[in-house]
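Now for the letters of each chain:
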Amino acid sequence: MKKSFATLAMLFMMSYTYACTNFIATKGATKDGSVLVTYNADDYGLFTNLCHYPAGFHDKDARREIIDYDTHESHGYIPEAQVTYNVIGNINEYQVSIGETTYGGREEMVDKNGIIDYGSLMYLGLQRSKTAREAIKVMTTLAETYGYNSEGETFTIADPNEVWLLEMQGCGGDKKQKVVWVAVRIPDGMISAHANQSRIGQFSTYPTEVITSKNCISFARSKGWFTGKDKDFNWKMVYAKPNFGGRRWCDARVWSYFNHFKDMSHWLPWALGKDANAEDMPLWIAPDKKLDVAIMEACMRDHYEGTPLALDNDVAQGNWDCPYRPTPLQYEVDGKKYFNERPTSTQQTGFSYVAQLRSWLPRELGGILWFGNDDGNMIAYVPIYCSNTERAECFNTPGADAVTFSDKNAFWVCNWVSNMVYPRYSQLFPSLKAVRDSLENAYFAAQPEVEAKALSLYKTDKSAAVKYLNDYSIQKSNEMLARWKQLAIYLIVKYNDMAVKPEKDGKFLKTPTGLGERVARPGYSDYMKHEIVKQTGDKYAVPTK
């Protein structure tokens, strides 16, 4: 029996390895005129360093091997660009930043013979582009020339002045057509987002610039997927129609981000995913207040707090109010399927960032990747400047990998701490938050002075300014790692055996004879006490006589 497209889409959705999130704030929507874009790279088992591609000049006959971002398998070779730009993480020396989320789409559109995968396409775009528009041209031309072998993808492509969404899918191995795509510029003053569900709809109605592949609509017509007028063409409804998973597990993250800046109750039925007739969310909204880096970082730490999707009102939160849930997203009880929520902040994040792009500063100084190597809620975002050519050892640790722990590595040290915190969240998290916020507040406080010095150096010696900022990023990265190691030791001492050791003025208390002072034993939360009694009745009731 042939499965329906909706069924295939749901199965495809459930098979995702990556489950990422991009939030966007255009420069007119921010307090200082920065463009802000974010990225969570989520995958169980994902281990990654802060990548670096140095700028270079290449021979005319130079070739570039395409190594699959996910599998590390070789797809073949393409001609190298004669000039490539410095890339650190997901930002380049011209303040171009590119992130992504995979949405899958129609399974039959995947081109298994295409050379370029979504990850390679991002970094090729960064290495070859000075603006967001140029990146779109580079990426679409490469895909049209060499084929695109990944599933449907939404790319966030930003520079200090503009942010674009580019959505792309292969053509299933068609010999004449290799890819279909559409790019939409997010209007200035607006915020937008995507999280593994195609977001571009009936683009003829958008009051903004839209660029498409020549076959954007005709390919769908050739397959019998669309028969209406061109103006009625809806990209996502044709190529990646949202189902329950696409709405509840993906668009709900977008809804929650928007909800911080505008009352989104009108679109709650869409985010909940169960009402087939619910009104779709807009691609962008005008926020009720301006954003900054700290606010964007807070949004990356979201667990649907204060909304109908909040994770603090059922037994799955455990004794210590944990807002994280185990995967898989679905589980079965007595033959019936149930699901977990999928908030933005999730334990399987490999790395997370907020890219800050500023048009009023020299390009080498204006771009910052506020970067962390774990769940955004559990790390301090460290400033990495776009002109950096060297990385701290903690973000590029020899010998460390997905199955090799190193206490010199940020991913492993941060995961060491977060995995202590997850199961005893309300008990341990305040200590982590205090360290995290202290570090980030120190970065923000130092930023004006650091950049004033860099700007002064830049006026007489650009290379000295670049080196100064590079050294500063390395220093802050090393300090973060050292502070996180201290935190790990503090947590195991402070909260050992589910008790709490008393302290004063930053020191653990001792008795006059040198023993550790008597510990506090907080026991069950009020919520859990009531849940236990509800489930067990008088089984554990203490006799009154």
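None of the values given here were measured: they were computed from a predicted structure. (Residues numbered from 1 in each chain as written. Predicted model: local features only at pLDDT ≥ 70, side-chain atom pairs only at ≥ 80, totals over all residues. Heavy atoms only, no water.)

1. Thoughts on helix H6 (residues 244-259)
The cut-off we apply is this: To get the bend at any residue, fit one axis to the seven residues that end at it and another to the seven that begin at it, then take the angle between the two axes. Only DSSP runs of H or I covering at least 4 residues are called helices, and only runs of E covering at least 2 are called strands; the numbering of each starts at the N terminus. Exposure classes here rest on a 1.4 Å probe applied to the protein chains alone. A residue is buried below 20% of its type maximum, exposed above 50%, and partly exposed in between. Polar contact criterion, stated in full: a pair of N or O atoms within 3.5 Å, where within protein one must be able to donate a hydrogen and the other to accept it, and residues adjacent in sequence count only if both atoms are side-chain atoms.
The largest bend in H6 is about 45°, located at Asp 251. Of all 16 residues in H6, 14 are buried, a share of seventy percent or more. In this structure Asn 243 caps H6, since a side-chain oxygen of it lies 3.1 Å from the backbone nitrogen of Gly 245.

2. A look at the pattern of salt bridges
As a reminder of what qualifies: The term salt bridge refers to a side-chain nitrogen of Lys or Arg lying within 4 Å of a carboxyl oxygen of Asp or Glu.
Tallied over the full model, the rule gives 24 salt bridges. Here Asp 314 ties to Arg 325 by a salt bridge, and the two come within 3.7 Å at their closest N and O atoms. Remark: Arg 325 occurs in the loop between helix H8 (293-300) and strand S17 (330-333) and Asp 314 occurs in the loop between H8 and S17; sequence separation between them is eleven residues. The partner of Lys 494 in a salt bridge is Glu 503, with the nearest N and O atoms 2.9 Å apart. Residue Glu 503 is classed as partly exposed on the basis of its relative accessible area of 27%. It is possible to trace a salt-bridge network through shared partners that takes in Arg 133, Glu 162, Arg 185 and Glu 209.

3. Points about the sheet that holds strand S20 (residues 368-372)
Short version of the rule: Pairing between two strands requires that DSSP report at least two bridges joining them.
An order of S16-S14-S1-S2-S19-S20-S21 is seen for the seven strands of this open sheet, with the pairing classed as antiparallel. Across the chains shown, the open sheet's two edge strands, defined by having one partner strand only, are strand S16 (284-285) and strand S21 (382-385). Pairing of strand S1 (residues 22-25) with strand S14 (residues 191-194), which is carried by four bridges, proceeds in the antiparallel orientation. Residue pairing in the sheet places Ile 24 in a bridge with Ser 192 of S14.

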